[in-house]
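Residue strings, one per chain:
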Amino acid sequence: MENPEAKKLVSIKNLTLTFNAGKKNEKTALEDVSFDIYEGETFGLVGESGSGKTTLGRTVLKLYSPAGGSIEFDGSDINKMKKKELADFRSKAQMIFQDPQASLNGRLTVSNILGEGLDEAGFTKNKEERRKKVLELLHMVGLNEDHASRYPHEFSGGQKQRIGIARALAVQPKFVIADEPISALDVSVQAQVVNLLAKLQKEQKLTYLFIAHDLAMVKYLSDRIGVLHWGKLVELGTADQVYNHPLHPYTKSLLSAVPVPDPVKEKAHHVKSYDPSFEKDGQERHMVEMEAGHFVLATQEEAAKYKADQN
Amino acid sequence: MQTPILEVKNLEVSFATYAGTIQAIRGVDFQLFEGETLAIVGESGSGKSVTTKTLLGLNAANATVKKGSQILLGNTNLADYKEKDWDQIRGKKIAMVFQDPMTSLDPTMTIGKQIAEPMEKHLGKKAKEAREAALALMKDVGIPDAEEHIDDYPHQWSGGMRQRAVIAIALAAEPDILIADEPTTALDVTIQAQILNILKAQQKKRKMAVIFITHDLGVVADVADRVAVMYAGKIVEKGTVNEIFYNPKHPYTWGLLSSMPTTSTALGSLHAIPGTPPDLLYPPKGDAFANRNAYALKIDHEKQPPFFQVSPTHEAATWLLDKRAPKVVPPEEIQKRQAYWQEHFVKEG
Ligand SMILES: Nc1ncnc2c1ncn2[C@@H]1O[C@H](COP(=O)(O)OP(=O)(O)OP(=O)(O)O)[C@@H](O)[C@H]1O
Ligand SMILES: Nc1ncnc2c1ncn2[C@@H]1O[C@H](COP(=O)(O)OP(=O)(O)OP(=O)(O)O)[C@@H](O)[C@H]1O
Ligand SMILES: [Mg+2]
Ligand SMILES: [Mg+2]
């Protein structure tokens, strides 16, 4: 996605988010985060537990109000949208969750879960059309007519996640945030769901923000990757740049911690430790562009050092 | 030949449910040797947890261990144990670490007390002595400033720290066997790496045998000496970690290894095993994997394959290993692994 012609679908500028502002348990979950997501790409977001990935996803969907900065969707600031524009945004941006069980209404049949989404978006003129659209959605995610009258608990984890995906896609979104959509699934089922996401993206020109712990999967699916640490974006680049030529010591440590399914390599391999204390030394750091499209959060001296380390 | 410290023979476990009898474990055999790590991998619902819970008598009330099943720990058959007998085994001979540390921690008791308790109970340590030992163990499992935190309650700790506490509790009575069921699945990779290192170091120090359940093949590659692959209540392949990763024979193992992306996998070309596993209310009569297996022979649908010996340490239950079976070409990812096997593990001549 280095194409300069590519259109920015989501533009996040200097985003800061604070939980419990002004209280004793105040927590800055996101600090001065900036990046863009281009139309049609998959942007992967990685980082340790508590780094702010889910918070970022939810803020982009306008579920939290930022303390500072702005988020533009298709050119408009989501926090300044008027009623009609907002309703439009709500259907164009959807989320797929880690736990499909928790996100599906257990008292509705699959047909009604999907139908609800279709109704919401005003896509159904009559019963017959609703039924037809529900079937289309089921086929799209590799399920069939037989599944329509069943309830979520009658499905396996992978099938539930397919229903979750179908529900998100019912309203024909342009942008989908997938927050750890495969973490709870079996290895073989993970591959099914990931292939499905890739297929749907191609067919419907979807844009994804893909949040995951599994760095191999993120590398596999993403065009570009952002690395979050303690609420700050510390590195940003193409999947190849970040994965194969990491700059920030945190990214290097994170990548080194990923076990590879290759016993000879894995048993010989050591995890690089990371001492984050310098992040709190009070120095100002900025995103420095080290090569086209590859940014690292650093002071000028650190940037020079990272560059030297790479060669 | 080394004698195993634990030997499971023809283990069968079923569950009585509303809908009928679920045949969850359908004849499982394996051995465990001193100081080794045996990893159990396999599809969700294949019986990994039930198998290991049975070793501790921890199955749900609707479970039945079939007559004739053997779980031999030395000269005793644990399959015959009654509830009152298990106290001698649990925590003392065999201890367990679960995925969610909160399920194995008591929220109302300090962490120091929870670690000291098995020492008092099984090792006959006095309270003060046990507290000292608990403190040492907390340091062993990498809990920083242990002195300050010995009287903390579990809710005050992060997930990674809690899992260290659970490991400390499991190690407290110096068991010979540690069962770890997805101990790092809920943790991020950084914390996972720390926990795995702690487990490996403690295992070495104590010459403990470990049964490690995980669905992450990277973790298996890291920790395992030997691997058992389970599918639909049976072990379908077992071997040394190198045999399973570089020279796998069962199509299910092929499917598993091919469904993880490597750094060079092109988008859209990730292999996914189609379909879903069989319903164990009605186990199929042939190889349970047959209906998802692109390599299935006619006989796979009709008759249970026996184990075919690949090497003294490696066996797989697939008709593809029968002399009469046609030669098949495994998936590309597997061919690459086999090439590595040929080059590094097969001696000339
Ligand atoms: N509603 C909330 N109120 C207060 N603090 C919160 C809230 N939600 C999240 N936090 C805190 O904000 C930080 C970021 O949390 P977040 O859930 O975004 O992390 P994450 O990167 O998604 O982690 P994980 O990988 O575990 O899902 C954490 O310190 C978390 O405890
Ligand atoms: N109490 C129970 N009643 C009925 N069936 C049960 C019970 N406990 C387990 N089972 C069944 O036994 C089979 C094996 O379950 P088990 O928990 O061992 O799977 P697993 O391999 O550990 O899967 P996972 O990877 O999801 O943890 C499954 O089909 C499960 O539904
Ligand atoms: Mg999260
Ligand atoms: Mg389990």
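Up top is the structure.
Right, let's walk through the structure included here. Throughout this document, residue positions are counted from 1 along each chain, in the order its sequence is written. Note on labels: chains are lettered from A, ligands numbered from 1, in written order. Two thresholds apply to this predicted model, a pLDDT of at least 70 for residue-level local features and 80 or more for giving and counting side-chain atom pairs, whereas whole-chain, interface and lining totals are computed over all residues. Side-chain calculation: all heavy atoms of the structure are included, whereas hydrogens and water are not.

### Describing the sheet that holds strand S11 (residues 234–240) of chain B
Residues and elements named next belong to chain B.
Part 1 of the reasoning: Strands pair, by our definition, only if DSSP identifies at least two bridges between them. The secondary structure listing takes helices from DSSP runs of H or I that are at least 4 residues long and strands from runs of E that are at least 2 residues long, numbered from the N terminus. As summarised here, the arrangement of the eight strands in space is S7-S8-S9-S3-S10-S11-S13-S12, forming an open sheet in which the pairing is mixed. Each edge of the sheet is formed by a strand with only one pairing partner; in this case those strands are strand S7 (94–97) and strand S12 (308–311). Direction aside, the axes of adjacent strands within the sheet are offset by 20° on average.
Part 2 of the reasoning: Direction of pairing for S7 relative to strand S8 (residues 177–181): parallel, over a ladder of four bridges. Note on S8: the bridge partner recorded for Val-97 is Ala-180.
Part 3 of the reasoning: Contact criterion: two residues are considered in contact whenever any of their non-hydrogen atoms come within 4.5 Å of each other. Note on method: axes are straight lines fitted to C-alpha atoms, helices fitted across the in-contact stretch only, with angles between N-to-C directions ranging 0 to 180 degrees. The strands touched by helix H6 (residues 159–171) are S7 and S8; relative to S7, the strand with the most contacts, the crossing angle is about 175°.
Part 4 of the reasoning: Along the sheet face, helix H7 (residues 189–206) touches strand S3 (37–42), S8 and strand S9 (209–213) and points at about 155° away from the line of S9.

### What to know about the site of ligand 1
Residue and element names in this part refer to chain A.
Part 1 of the reasoning: Surveying the vicinity of ligand 1 reveals 14 residues, the closest of which are Ser-49, Gly-50, Lys-53, Thr-54 and Thr-55.
Part 2 of the reasoning: Here Ser-49 contributes a side-chain N or O atom positioned 2.5 Å from an oxygen atom of ligand 1.
Part 3 of the reasoning: Any N or O atom pair separated by 3.5 Å or less is treated as a polar contact, with the protein-specific requirement of one donor-capable and one acceptor-capable atom, and with residues adjacent in sequence counted only for side-chain atom pairs. Here Gly-50 contributes a backbone N or O atom positioned 2.8 Å from an oxygen atom of ligand 1.
Part 4 of the reasoning: For ligand 1, whose accessible area on its own is 630 Å², the fraction buried by protein is 64%.
Part 5 of the reasoning: Contributions of two or more residues to the shell around ligand 1 are made by strand S2 (27–38) and helix H1 (53–60).
Part 6 of the reasoning: Ranked by residues supplied to the shell around ligand 1, first place goes to H1 with three residues.
Part 7 of the reasoning: Classification used: nonpolar for Ala, Val, Leu, Ile, Met, Phe, Trp, Tyr, Cys and Pro, charged for Asp, Glu, Lys and Arg, polar for all others including Gly. For the shell around ligand 1, the class distribution of residues is two nonpolar, eight polar and four charged. We call a residue near a molecule or strand when any one of its heavy atoms sits within 4 Å of it. For every accessible area listed, the method is Shrake-Rupley and the probe measures 1.4 Å; residues are considered covered only by the protein chains on display.

### Remarks on unusual backbone geometry
Residue and element names in this part refer to chain A.
Part 1 of the reasoning: With a phi close to 50°, Gln-172 is a non-glycine residue in the positive phi region.
Part 2 of the reasoning: Take Gln-172: it is sitting in the loop between helix H6 (157–169) and strand S7 (175–179).
Part 3 of the reasoning: For Gln-172, a relative accessible area of 52% corresponds to the exposed category.
Part 4 of the reasoning: One non-glycine residue with positive phi stands out, namely Glu-180, at about 50°.
Part 5 of the reasoning: Among the structural elements, Glu-180 can be located in the loop between S7 and helix H7 (187–204). The rule is simple: take the accessible area with a 1.4 Å probe, protein chains only, and divide by the maximum for that residue type; under 20% is buried, over 50% is exposed, in between is partly exposed.

### Observations concerning the layout of surface pockets
Residues and elements named next belong to chain B.
Part 1 of the reasoning: Within this scheme a cavity is a closed region of a 1 Å grid, computed over the protein atoms alone, that accommodates a 1.4 Å probe without allowing it to escape, whereas a pocket is open but has protein on both sides within 12 Å along at least five of seven lines; lining residues each have an atom within 4 Å of a point. Grid points are joined across faces, edges and corners, and a volume is the space filled by probe spheres set on the points. Volume-wise, the second largest pocket comes out at about 550 Å³.
Part 2 of the reasoning: What lines the second largest pocket is a set of 20 residues, among which Arg-90, Gly-91, Ser-104, Pro-118 and Ile-169 lie closest to the centre.
Part 3 of the reasoning: The leading source of residues in the lining of the second largest pocket is helix H3 (residues 111–123), at five residues.
Part 4 of the reasoning: Taken together, the residues of the lining of the second largest pocket break down into 11 nonpolar, four polar and five charged.

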